[in-house]
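# An overview of the molecular structure
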Amino acid sequence: MANNCIFCKIITGEIPAYKIYEDNDFLVTLDINPVNQGHSLVIPKIHFVNIFDAPEEITAKIGPIVKKLAQAIKAGVKADGLNVVINNDQAAGQLVPHAHVHLIPRFEGDGFTHWHGKGGETPADFANTQNSIKKVILSHIFQDSILLAIDS
Ligand code: 5GP
Ligand code: ZN
């Protein structure tokens, strides 16, 4: 529980919420300002900020819960599709610094558009970006993993 964290307060019941699901690790509630009817947030019960400081134990459980709730929400509001979104850090649009996954039901013609590619990357730009990321992967993140098998 972090001081003055809105989502910690929802978890303890200090702030009311339209909960749709709860287990030992997660609470799922309707978003207070929904993009579309049924827009929900999957909120881990322990406080951490986002994907960058997420405990492995919780990240391993996110896939199954997101799948179940996505199916339930899509059926529950008779949506045509659904976006799964996580905003990580302010530059990516994260406003509440307690990790959460948005489940956003989508309806044909609802008018929301996705971001568009800027275009203009040259093959050299792609190769530079590829190398920068692969360097980090090879040297830090997946040191002991099967991903070492990718071209270096
Ligand atoms: P973020 O930009 O951090 O990914 O999204 C935060 C989301 O939390 C927003 O969609 C916002 O509407 C929602 N939100 C903020 N305060 C509350 C609240 O008190 N209750 C609920 N249910 N949702 C909230
Ligand atoms: Zn919190």
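See above for the structure.
In what follows, the accompanying structure is described. (Residues numbered from 1 in each chain as written. Chains lettered and ligands numbered in written order. Predicted model: local features only at pLDDT ≥ 70, side-chain atom pairs only at ≥ 80, totals over all residues. Heavy atoms only, no water.)

## A word on the overall build of the chain
Under the convention used in this document: Starting at the N terminus, helices and strands are each numbered in turn, a helix being any DSSP run of H or I of at least four residues and a strand any DSSP run of E of at least two. A simple rule labels every residue: compare its accessible area, found with a 1.4 Å probe on the protein chains alone, to the largest value its type can have, and call it buried under 20%, exposed over 50%, or partly exposed in between. Should any heavy atoms of two residues lie within 4.5 Å, those residues are counted as being in contact. Each accessible area is a Shrake-Rupley result for a 1.4 Å probe, and residues are judged covered by the shown protein chains and nothing else. By the counting scheme adopted, Arg and Lys are positive, Glu and Asp are negative, and His together with the chain ends is not counted. We put the charge of a Lys on NZ, of an Arg on CZ, of an Asp on CG and of a Glu on CD.
Looking only at helices and strands, one finds 3 helices and 5 strands in the chain. Taken along its principal axes, the extent of the C-alpha atoms in the chain is 50 × 40 × 25 Å. Counting the 152 residues in the chain, one finds 31% classified as buried. Considering only residue pairs separated by 6 or more positions, the chain has 51% of its internal contacts joining residues 24 or more positions apart. Here the chain has roughly 10300 Å² of accessible surface; of this, 57% comes from carbon and sulfur atoms. Each charge class in the chain was averaged separately, 12 positive and 16 negative side chains, and the resulting centres sit 4 Å apart.

## Description of the coordination of the zinc ion (ligand 2)
Which entries qualify depends on this criterion: Shown as donors are all N, O and S atoms within 2.8 Å of a metal ion, widened to 3.2 Å for Na, K and Ca; because water is not in the atom set, sites may appear incomplete. Here the metal geometry follows the donor angles, with tetrahedral for four donors whose angles all fall between 85 and 135 degrees, square planar for four and octahedral for six when opposite donors are more than 155 degrees apart and every other angle is between 65 and 115, and irregular for all the rest.
Bound to the zinc ion (ligand 2) are the protein donor atoms Cys5 (SG), Cys8 (SG), His47 (ND1) and His98 (ND1), situated 2.0 to 2.3 Å from the metal. Around the zinc ion (ligand 2) sit 4 donor atoms, and with donor-metal-donor angles ranging over 104 to 115° the site reads as tetrahedral. Each donor residue of the zinc ion (ligand 2) lies on the same chain, and together they follow the pattern C-x2-C-x38-H-x50-H. One end of the pair, Cys8, is in helix H1 (residues 6–12); the other, His98, is in the loop between strand E4 (81–85) and strand E5 (101–106), and 90 residues separate them in sequence. Comparing Cys8 with His98, the two get one shared label, buried.

## Regarding the nonpolar core
What counts, and what does not: Definition used in this section: a nonpolar core is a set of buried Ala, Val, Leu, Ile, Met, Phe, Trp, Tyr and Cys residues joined via side-chain atoms within 4.5 Å.
Residues Val42, Ile65, Leu69 and Leu103 are the most contacted members of the largest nonpolar core, which totals 15 residues. Where this core is concerned, the elements lending two or more residues are strand E2 (26–30), helix H2 (56–76) and E5. Residues in contact with Leu69, not counting those within four places in the same chain, are Ile20, Tyr21, Val28 and Leu103. Core analysis: the second largest hydrophobic core is formed by 9 residues, Cys8, Leu27, Leu41 and Val96 among them.

## Details of the pairing of E2
Along a regular strand, successive side chains alternate from one face of the sheet to the other. Quick note on the threshold: Following DSSP output, two strands are said to pair if at least two bridges run between them.
Most of E2 is tucked away, with 4 of its 5 residues classed as buried. Taken together, the 3 bridges between strand E1 (residues 19–22) and E2 define a ladder with antiparallel strand orientation. Across the sheet, Glu22 pairs through a bridge with Leu27, a residue of E2. With antiparallel pairing between neighbouring strands as the criterion, E1 and E2 make up a hairpin whose turn holds 3 residues. When E2 meets strand E3 (residues 40–44), the two strands line up antiparallel, connected through 5 bridges. Bridging across to E3, Thr29 finds its partner in Leu41.

## Regarding the side chain of Asn88
Spelled out, the test is: Polar contacts, as used here, are pairs of N or O atoms within 3.5 Å; protein pairs need one atom able to donate a hydrogen and one able to accept it. Residues neighboring in sequence count only if both atoms are side-chain atoms.
In this structure, Asn88 sits in the loop between E4 and E5. Within polar-contact distance, the side chain of Asn88 engages the backbone nitrogen of Ile51 at 3.0 Å. When residues no more than four places from it in sequence are discounted, the contact partners of Asn88 are Asn50, Ile51, Phe52 and Gln94.

## Side note on the sheet that holds E1
To keep things clear, this is the line we draw: Whenever a helix is involved, its axis is fitted only over the stretch in contact; in every case the axis is a line through C-alpha atoms, and angles between N-to-C directions fall within 0 to 180 degrees.
With respect to topology, 5 strands assemble into an open sheet ordered E1-E2-E3-E5-E4, the strand pairing being antiparallel. The open sheet has two edge strands, E1 and E4, and neither has a second partner. Direction aside, neighbouring strands of the sheet carry axes that sit 20° apart on average. Across the face of the sheet, H2 comes into contact with E1, E2, E3, E4 and E5 while running at roughly 20° to E5.

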